[in-house]
Amino acid sequence: MSEKLISRRGAFSLLGLAAALALPTTVLTTSDAEAQAQPSPAAPAPAAAAPTAPTTPSMTRGQARRAGRHERREARRTGRHERREARRNAREMRREARRGKNIYMKSNTPKQQ
């Protein structure tokens, strides 16, 4: 007789098939009213108050580090935004000067005839 090894994929598919066929019949036969009346086992019971852990020095340091990172990130974003706006404004001024709408970058020397 030859022994045939089963692959991992085949074993998992057999396991899934067995699990699908092993569903309890009560789940399939309950009415809608009964299903709505029963509390869901996945829904957690509402807690009166969540217990809070005491604040330790390491937690305080961690919160301070996170706050510092947040402030630095906001400062970088603000700086980028301001530099971007400055570049846009300077670009617009140069364009207007080329079009003759502004005296920016124009020479003060009189024109020769």
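Residues numbered from 1 in each chain as written. Predicted model: local features only at pLDDT ≥ 70, side-chain atom pairs only at ≥ 80, totals over all residues. Heavy atoms only, no water.

(A) How the structure looks around helix α4 (residues 57-99). Taking 1.5 Å per residue as the helical rise, α4 with its 43 residues ought to reach 63 Å, and the 63 Å between its terminal C-alpha atoms agrees with that figure. Among the residues of α4, Gly62, Gly68, Gly79 and Ala97 are the ones counted as buried. Remark: glycine 100 follows α4 within two positions and exhibits a positive phi of approximately 85 degrees. (Helix = DSSP H or I, 4+ residues; strand = E, 2+ residues; numbered from the N terminus. Expected span 1.5 Å × (residues − 1). Buried < 20%, exposed > 50% of the residue type's maximum accessible area, 1.4 Å probe, protein only.)

(B) Geometry of the pattern of salt bridges. Considering all chains together, one arrives at three salt bridges under this definition. As a salt-bridge pair, glutamate 74 and arginine 77 come within 3.7 Å of each other at their nearest N and O atoms. Highlighted residues: glutamate 74 and arginine 77, both in helix α4, separated by three residues, approximately one helical turn. The class for glutamate 74 is partly exposed, based on a relative accessible area of 33%. Residue arginine 77 is classed as partly exposed on the basis of its relative accessible area of 40%. Glutamate 92 is the salt-bridge partner of arginine 95, the closest N and O atoms lying 3.2 Å from each other. Pair noted here: arginine 95 and glutamate 92 are both in helix α4, with a separation of three residues, about one helical turn. (Salt bridge = Lys/Arg side-chain N within 4 Å of Asp/Glu carboxyl O.)

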